[in-house]
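The chain contents come next:
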Amino acid sequence: MATTPEALPAPSLSEEERFYVASQWTLVWMRFRRHRLVLVSVAVIAVFYFVVLFPEFLAIHDPIKVDSQRVFVAPQRVHFFDGLRPSFPYVYDLNVTRNPVSLRLEYTTEKTKKHRIRFFVRGYEYKLWRQFRTNIHLMGVDGEQGMRNFHPIGTDRMGRDMWSRVMYGTRISMSIGLVGVALSLFLGLLFGGLSGYI
């Protein structure tokens, strides 16, 4: 009984033979996978564009909310150990006093009060992509007083949370780059095509 061509087993190709018969896209992908620095760079850019898509979700506070009692708060240390025992991440409460000489606000940590950092918490309300109203955020702490004491990278001279402002600023910075590349590609194709046609 004759064997049909479909029933014949596919010939096994060596690595070198697969290289010679591979398509252009396959060759590009093979070279791309071998370049570790490129893979790391793609991962970093993917994180940045995740922030671009969800800055409201990643923000802790309203980025334009002013708090005169939280001016120039230093970046807070997040603790993962309670003594020598592993613990849920938490931050200490902040005590605020005004220096009688310089009249500046000074902050000290109150180590008897801990604020546990939780994930997927409810905070200020926002519209995701200007369509869906929600108040879910990636992280936060319990209670309004606790939230006032949670500033991972500090606050600015108006008491606005720097972490939240960086999240929103990333959207603007990355969008400018993306729009610039798209515009230059469009204009390059347009004028290059016109000049070739003429």
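That block above? That's the structure.
Residues numbered from 1 in each chain as written. Predicted model: local features only at pLDDT ≥ 70, side-chain atom pairs only at ≥ 80, totals over all residues. Heavy atoms only, no water.

Topic: the pattern of salt bridges
Now for step 1: Here the structure, examined in full by the defined rule, presents seven salt bridges.
Now for step 2: Where Arg148 meets Asp67, a salt bridge forms, and the shortest distance between an N and an O atom there is 3.0 Å. Taken together, the residues Arg148 in helix H5 (residues 144–148) and Asp67 in the loop between helix H4 (55–58) and strand S1 (79–82) connect sequence positions 81 residues apart.
Now for step 3: Taking relative accessible area as the criterion, Arg148 reaches 27% and is therefore assigned partly exposed.
Now for step 4: The salt bridge partner of Asp156 is Arg165, with a shortest N-O separation of 4.0 Å.
Now for step 5: In this structure Asp156 comes out as buried when scored by relative accessible area, which is 12%.
Now for step 6: Classification of Arg165 by relative accessible area gives partly exposed; the value is 30%.
Now for step 7: What you see here is one network of salt bridges that share partners, running through Asp82, Arg85 and Lys114. (Salt bridge = Lys/Arg side-chain N within 4 Å of Asp/Glu carboxyl O. Helix = DSSP H or I, 4+ residues; strand = E, 2+ residues; numbered from the N terminus. Buried < 20%, exposed > 50% of the residue type's maximum accessible area, 1.4 Å probe, protein only.)

Regarding the pairing of strand S3 (residues 105–128)
Now for step 1: Examined bridge by bridge, strand S2 (residues 85–98) and S3 share nine bridges and lie antiparallel to one another. Of the residues in S3, the one forming a bridge with Tyr90 is Arg116.
Now for step 2: As consecutive antiparallel partners, S2 and S3 are separated by six residues, and within that stretch Leu103 has a phi angle of approximately 65°, a positive value.
Now for step 3: By the bridge criterion, eight bridges tie S3 to strand S4 (residues 132–141) in an arrangement that is antiparallel. Among the inter-strand pairings, Val121 is bridged to a residue of S4, identified as His137.
Now for step 4: In this antiparallel pair of consecutive strands, S3 and S4, the connection spans three residues, and Trp129 shows a positive phi of 55°. (Pairing = 2+ DSSP bridges.)

Focus: the sheet that holds S3
Now for step 1: The four strands are arranged S1-S2-S3-S4 in an open sheet whose pairing can be described as antiparallel. In this open sheet, the two edge strands, each paired with only one partner strand, are S1 and S4. Within this sheet the neighbouring strands show an average axis-to-axis angle of 55°, counted without direction. (Axes fitted to C-alpha atoms, helices over the stretch in contact; angles between N-to-C directions.)

Things to note about the packing of helix H3 (residues 36–53) against helix H6 (residues 162–197)
Now for step 1: In contact at an axis separation of 8 Å, H3 and H6 are set at 110° when each is read in the N-to-C sense. In terms of orientation, H3 lies roughly perpendicular with respect to H6. The two elements H3 and H6 cross, and the hand of that crossing is left-handed. Of H6, the residues touching H3 (which contributes Phe48, Tyr49, Val51, Val52 and Leu53) are Met167, Thr170, Arg171, Met174, Ser175 and Leu178.
Now for step 2: When its residues are assigned to classes, the contact of H3 with H6 shows eight nonpolar, two polar and one charged. (Parallel < 35°, antiparallel > 145°, perpendicular 65-115°, else oblique. Left-handed = near helix turned anticlockwise from the far one by under 90°. Contact = heavy atoms within 4.5 Å. Nonpolar A, V, L, I, M, F, W, Y, C, P; charged D, E, K, R; others polar.)

Brief notes about the nonpolar core
Now for step 1: Listed in full, the eight residues of the largest apolar core are Val51, Phe57, Leu58, Ala59, Tyr124, Tyr126, Leu128 and Met167.
Now for step 2: Elements that contribute at least two residues to this core include exactly H4 and S3.
Now for step 3: Counting residues per element, this core draws most heavily on S3, which supplies three residues.
Now for step 4: In terms of nonpolar packing, the next biggest core, distinct from the first, is built from seven residues, Ile60, Met139, Val141 and Phe150 among them. (Core = buried A, V, L, I, M, F, W, Y, C linked by side-chain atoms within 4.5 Å.)

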